[in-house]
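Each chain, written out:
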Amino acid sequence: MPILPDANEDFNDKLTFWVNGKRHVVQNPDPAMTLNEWLRSQRGLTGTKVMCREGGCGCCVVMVTHSDLTNGGPCSYSLNSCLCPLCSVDGWSITTVEGLGGQKGGFHPIQRRLADFNGSQCGYCSPGMVVNMYGLLNKKPQPSQQEVENHFDGHICRCTGYRPILDAMKSFAVDADPGKGGCIDIEDLNKHPCPSAGESCNGASANGNGVNGTSTSPLRCCQRGVTWYRPTTLAELYGLLERHSQDRYKLVCGNTATGVYKNDGPYSCLIDIKSVPDLYNCQTGPPLVVGSAVSLSAVVDLLRAGSDRSPSYSVLADHLCKVANVSVRNVGSWAGNLMIKHAHPEFPSDVFTIMEAAGAKVTIGFRGESQTMAISDFWGTTMNGKVIHSLEIPPGNPEDVFRTYKVAPRSQNAHAYVNAGFRMTLDRQSEVKVVTKPHIVFGGINKTMVHASATEDFLVGKRITDAETLRGALTALQAELVPDESALQSAQYTKQLAMGLFYKFYLSAVGKEGLTEQVCSAADSLTRPVSRGEQHFQTKESEWPVRQPMPKTSSRVQASGEAIYINDMPATSGEVYAAFVTSTVANCKLGNMDFSHAMEIPGAVAYLTAADVKGENNYNLPPSPVAEIFSSNEVSFAGQPVALVIADTQVHADAMAKAVQVTYTDIKTPILTIQDAITAESFHPIVKEVVKGDPKGALAAAPHRVSGEVSCGSQYHFYMETQVCRCTPTEDGMDVQSATQSMDSVQASVAQATGMSAHRVYVSVKRVGGAFGGKAAASKLPAAACAVAAQNLNRTVRLSMCLDANMAAMSKRAPYLVKYEVGFDDEGRLLAVVYNLYEDNGCSVNTCFLPILPFTAENVYYCPNWELTGQTCKTHTAPTTYTRAPGFVAVHFCMEHIIEHVAKTLNKDPTDIRRINMFENGQTILSGDTLSDCNIAQLCDDLLTSAKIKQRQQEIEVFNKEHRWKKRGLSVVPLRYAIFTSFFRFTVFVAIYHTDGSVVITHGGIEMGQGVDTKVMQVAAASLGVPMEMIHTMSTNTLSSPNSTDSGGSVTSDLNCKGVLECCRRLNERINPIRQEMGGAPKWTELINTCHSKGVDLSEKYMEHHPLPGLRPTYNSFGVTCTEVELDVLTGEREVTRSDILFDCGESVNPDLDIGQVEGAFVFGLGYWLTEKCVYDKETGRLLTNGTWEYKPPATKDIPADLRVTLLPNSSNPYSVMRSKAVSEPPLLMSCSALFALRQAIQSAREDSDNGADFFPLNGPATVETCHQACLLDSSNFTL
Ligand SMILES: Cc1cc2nc3c(=O)[nH]c(=O)nc-3n(C[C@H](O)[C@H](O)[C@H](O)COP(=O)(O)OP(=O)(O)OC[C@H]3O[C@@H](n4cnc5c(N)ncnc54)[C@H](O)[C@@H]3O)c2cc1C
Ligand code: FES
Ligand code: FES
């Protein structure tokens, strides 16, 4: 038995590590503290952001360097600081974004390029992107473009649509156009600003990221009843296991499993195994042997290095690159992965599946003895007191066919729906016979299935080129696949997918020469080239800096992490942190709330309920219905706040929230869908009806009639900065710093909740980390709750919502359902539309989009007879809210769906049907307004030519005929978007300082990534005739910009530019006479100084308000998009291969920013239509997709592989003062072109199985599962 050193005497309790070259010693840290929390809260290094705390978003990435226990050399890599325990960094050097560069010592080339390529909008994701790239260049200074793209598999950017980020990063690639920047030499890469002087120096030599030493002494830290041990020998490890095997202990390697299973534990003892050299023992073999502490990334490297010894090793390496993301793989171990599967049998572990298929064996140690077993046997073994030592991966036989598969809801960083590994040894000399029992291994089927044993048995000795063998194997497989049903994935899909994967493997085993041409391609996976983009626009240099393409003025400080978001603000003395306690059940009454456990949590300060609200327990404002801040009795939806808990740190507050015990009474089954609401007749009392012409008569008389229904779901905004608010009680009342799009309503809501007058509530906003409508009406709730807490406790309170609470509690996009009947002629001309629309507003109508239906429902199509009825459904979900292009996106989609239905009925090209129905100027829309600015037909024709659409359609037709299991589709979707400006008011203030002539602006808009600050600066610079550098924008606030409305509706930039223009005009009116007195061209500083001395008022304010009679759009935006996709019919996977977007932006004020908005909106929409799905538990109403594990906004490889954006040339807009057109929302609508392109591809697949006659709706989101199921696959069609 190993001897355990005395824990108290021989174990050190001090961590020593370096951050950006500076040494830190931390004595006895809290084992629960993450590196992220320490960097942000203890060192003020807030450039490293935090959002999901799940390894799912990448904003927290830092680079670490330490010595590599496999070879003793240094190793550097990026990791997610949110998952990294502080205790594990002893001896490491950590580089954060601040360590790379900044305003003081100069920006790092990566920071500069990201900013200059326009890759930073709200900026919240930018530091993580920069450090991730730095990690790659440290590992490989001259990567290829492909390697760069592969390296960004774990980062979400919700704003940009990724193209400019990838362009910036790929500019460092060895195969990139050197004109874009070129590779960086290693000296420049590591030239960091000296932390003390702020000047440039070589960071490595100053301990910036070199190896500073490896801690070899055992470590023990103990706080709050949890002990962290770091043994440094196997003997110490066994000693600790022996001592603690009866405790709630956990071995810790990369600690990334906490990103998946967040609620495991609690543990009293954590044993860090990363410093045990024996667990790094590797042998190149064959067989390849890998120690258990070796990271997944290192396993990939070892497998690649050994690939000449076994082709299987390449297959395994390729598959492991699909596990999690780079930063998780850099620290996450294969052993940790297997142990997740051990603890959670439902976990679709890729490592388990593929290693079992490869015949790998695992060696497990217990009290110094070891035992080797098959992975499937390990699964059933008790692991208490044991440690995994190593994995032995056999090379397999040269005659083996070995393939692995993973099909996931998103292209990257997503768990498998189903994964599989197949190995078959074939005798090709004789009759392609299966020599021995093959390995047919599946993951994701159910909690127990590993091998498809009956199928394996059946295949032994069979000739695989015989059709009967395939049939028999499929029959056996069909019988033994018994998938678990789940709310997140249907058993039918799971089963058919598994069958499809087996079929793919079977075909690849037969080989192309044994197959018909049609099925040949089934075996291959979809391939994606390195993505590319083109951007085309015009600019008038004569008007610069207005219309000048330039990145946001703050983009470099965003990329360097110096841009401050509310949660980055240093805490003031006595500041405390709050978290919502949210209900776990919908449609019930609140029972009892027991806070006793929560108040025992270290750092607990207080809790508040509805009874503590001093003003009105209502965050909504009249005339909206009452929406309680904390439920006082009725609980409408799961996720609804019922209380607020307050602690000394955010982590403690979040822990308190989970510890509150809440009971519920009177629980009834929740209504969660529109269908349920219709059945239960659960409606809000808002209805919209519009009739034009004689729809019923025209329908009856129409030569053709079709009817149907189509729906689209909800969407979570996924702003990277969750809802956050910070309230400080002051002598005057309350200072509120809120990440809101709507200062005005936050001010009113806080006043109402606290009982103060509005003039005592001062709200300010510098910037928000993404908003997309979700921080307009919805940010009132956290602001009101935070203010109530600050008022009660009389101290500063910060409420920064954790992701799961944010997703559950906050309002999202409204789902829709439309039932329609349409009449049309032989050509496909619309004659009558009768249309019932249902909008799901959740439990209360906070926002409703029925009133704008008459402006939006028709999109670009004229029909003389319409009947439209809109109803609002009441469900037990959070009240819905504005979400980028709210209301528009769904009705636009429904109209496009109707066009597809008409086209299918007449067997015509949908593009032709679209084209012949398009509005012409002079025709009236449903609201009765006459269109006078309609250029859609021209836009459409231009795109048909420039994107060679007819030719590509023919090519697709040929491709689809030749391929049974891969299908392509193309769709052209036009857009009309009514822009409303009359709701909006923004107060702008411009001042010129007499001291140096510099200009400051505060405006009523919120800078949320769209670049409003930059645009107003461009306008001011041009109007006053001063360089951009002389102008600055300050935080907006309710004092200098009172009564400003929400930033939204795509008009914020335009209207604030108008305000600045007017302020500057008035200032010029006062300045110009002095200018003339001074000879007409004095120096600006002298001119301003003279103005001041002569008593000229050098500040001006103006409120832009653009009233129109009634609800009227000011103008329409138009655009058209063509998207092409490829679909793998057997799996439902797809690639968006190309999108061409032509958008009328009028005369763009800043084409760089506007193209950024077009691309960002388009990709936001791709998420809505293809991957983002909100799923609720049918019993409780709980949101099941409440984290990055299940909710999937687009990742870098979900964007079109080829994205071409053109801003319509020679355009203008007489209805806007800047002659530009709104851009932040409209292009989003055209992203449904991807869904319709998929519909075309699916149609072709259905035709191949004689299911093509009927029109079918493809509802949104068209997930991988939905697309697969829509193909109506039947395994009897699986042939050779
Ligand atoms: C964002 C994200 C995405 C992911 N995507 C995927 C995916 O697509 N496919 C997939 O298969 N997995 C996925 N994972 C899981 C990931 O692969 C694992 O989290 C990782 O491999 C675990 O390794 P670790 O070293 O961090 O384990 P830890 O978190 O340190 O430990 C996990 C468990 O293993 C135990 N353990 C660790 N090492 C040993 C040992 N040597 N002996 C005994 N017990 C040990 C620990 O006690 C603990 O119970 C994902 C994870 C994240 C965070
Ligand atoms: S916060 Fe760490 S990955 Fe999201
Ligand atoms: S710029 Fe990437 S999330 Fe906003």
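The name an unreviewed UniProt entry gives the protein is Xanthine dehydrogenase-like, with Branchiostoma floridae as the organism. Its UniProt record gives the protein the following Sequence similarities (unreviewed entry) comment, quoted word for word: "Belongs to the xanthine dehydrogenase family."

**A short note on the overall build of the protein**
Helix and strand counts for the protein come out as 39 helices and 44 strands. Here the C-alpha atoms of the protein give a radius of gyration of 31 Å, agreeing with the 33 Å that 2.2 N^0.38 yields for 1280 residues. Overall, the C-alpha framework of the protein stretches about 90 × 80 × 70 Å when taken along its three principal axes. Here the protein holds 1280 residues, and the buried ones make up 64% of them. Within the protein, contacts between residues at least 6 apart in sequence are counted, and of these 76% link residues at least 24 apart. Carbon and sulfur atoms make up 49% of the accessible area of the protein, which amounts to about 42,800 Å² in all. Taken as two groups, the 111 positive and 133 negative side-chain charges of the protein have centres that lie 1 Å from each other.

**Topic: the site of ligand 1**
Around ligand 1, a shell composed of 36 residues is seen, among which Leu251, Thr256, Ser333, Asp350 and Lys406 lie nearest. Between an oxygen atom of ligand 1 and a side-chain N or O atom of asparagine 337, the distance comes to 2.9 Å. One of the backbone N or O atoms of isoleucine 388 is found 2.8 Å from a nitrogen atom in ligand 1. For ligand 1, whose accessible area on its own is 980 Å², the fraction buried by protein is 95%. Of all the elements in the fold, those that place two or more residues in the shell around ligand 1 are strand 10 (249–252), helix 12 (326–331), helix 13 (334–343) and strand 15 (386–393). A class-by-class count of the residues in the shell around ligand 1 yields 19 nonpolar, twelve polar and five charged.

**Description of the sheet that holds strand 37 (residues 985–992)**
Strand order in the open sheet formed by four strands is 39-38-37-41, with mixed pairing between adjacent strands. Each edge of the open sheet is held by one strand with a lone partner, namely strand 39 (1031–1033) and strand 41 (1099–1105). Recorded for the sheet is a direction-independent mean angle of 20 degrees between the axes of neighbouring strands. Pairing of strand 38 (residues 999–1002) with strand 39 involves three bridges; the strand directions are parallel. When the sheet's bridge partners are listed, valine 999 is paired in strand 39 with isoleucine 1031. Sheet strands in contact with helix 34 (residues 1052–1077) are strand 37, strand 38 and strand 41, and its direction is about 140 degrees off that of strand 41.

**Some points on the packing of aromatic side chains**
Across all of its chains, the model carries 33 aromatic pairs by this definition. With 5.8 Å between their ring centres and 50 degrees between their planes, tyrosine 405 and phenylalanine 422 make a pair best called tilted. Here tyrosine 405, found in strand 16 (residues 400–407), pairs with phenylalanine 422, found in strand 17 (residues 418–427); they are 17 residues apart in sequence, far enough to count as distant. Side by side, tyrosine 405 and phenylalanine 422 carry an identical accessibility label, which is buried. Site record: aromatic cluster; members linked through ring pairs are Tyr405, Phe422, Phe442, Phe502, Phe505 and Tyr506. In this arrangement the basic side chain of lysine 462 is found over the ring face of phenylalanine 458, its NZ or CZ atom lying 4.2 Å from the centre. Over the aromatic face of phenylalanine 1236 sits the side chain of arginine 914, whose NZ or CZ is 5.7 Å from the ring centroid.

The rules we used
- Sequence order sets the numbering: in each chain, residues are counted from 1 along the sequence as written.
- Chains and ligands are labelled sequentially in the order written, the chains with letters from A and the ligands with numbers from 1.
- In keeping with the predicted nature of the model, local features appear solely for residues at pLDDT of at least 70, side-chain atom pairs appear and are counted solely at 80 or more, and the whole-chain, interface and lining totals rest on all residues.
- Computation of side-chain values covers all heavy atoms of the structure but excludes hydrogens and water.
- UniProt positions are given in the numbering used here, feature names are shortened, and annotations may be inferred rather than shown by experiment.
- The helix and strand labels rest on DSSP assignments: H or I over at least four residues marks a helix, E over at least two residues marks a strand, and numbering proceeds from the N terminus.
- The quantity called the radius of gyration is restricted to C-alpha atoms. Its globule counterpart is 2.2 Å times the number of residues to the power 0.38.
- Exposure classes here rest on a 1.4 Å probe applied to the protein chains alone. A residue is buried below 20% of its type maximum, exposed above 50%, and partly exposed in between.
- By definition in these notes, contact holds between two residues if any of their heavy atoms fall within 4.5 Å.
- Residue-level accessible areas treat just the shown protein chains as cover; the underlying method is Shrake-Rupley with a 1.4 Å probe.
- Charge assignment: positive for Lys and Arg, negative for Asp and Glu; neither His nor the chain ends contribute.
- In this description, the location of a charge corresponds to atom NZ of lysine, CZ of arginine, CG of aspartate or CD of glutamate.
- Being near a molecule or strand, for a residue, means having at least one of its heavy atoms within 4 Å of it.
- Polar contacts, as counted here, are pairs of nitrogen or oxygen atoms within 3.5 Å of one another; within protein the pair requires one atom able to donate a hydrogen and one able to accept it, and residues that are adjacent in sequence qualify only if both atoms are side-chain atoms.
- Side-chain classes are defined by residue name, with Ala, Val, Leu, Ile, Met, Phe, Trp, Tyr, Cys and Pro counting as nonpolar, Asp, Glu, Lys and Arg as charged, and the others, Gly among them, as polar.
- When DSSP locates at least two bridges between a pair of strands, those strands are taken to pair.
- Note on geometry: axes are C-alpha line fits, over the in-contact stretch for helices, and angles between N-to-C directions span 0 to 180 degrees.
- Centres within 6.5 Å make a pair out of two Phe, Tyr or Trp rings, where for Trp the six-membered ring is used; the pair is then stacked when the planes are under 30 degrees apart, edge-to-face when over 60, and tilted otherwise.
- When the NZ atom of lysine or the CZ atom of arginine is within 6 Å of a ring's centre and also within 35 degrees of its normal, the charge is said to sit over that ring.

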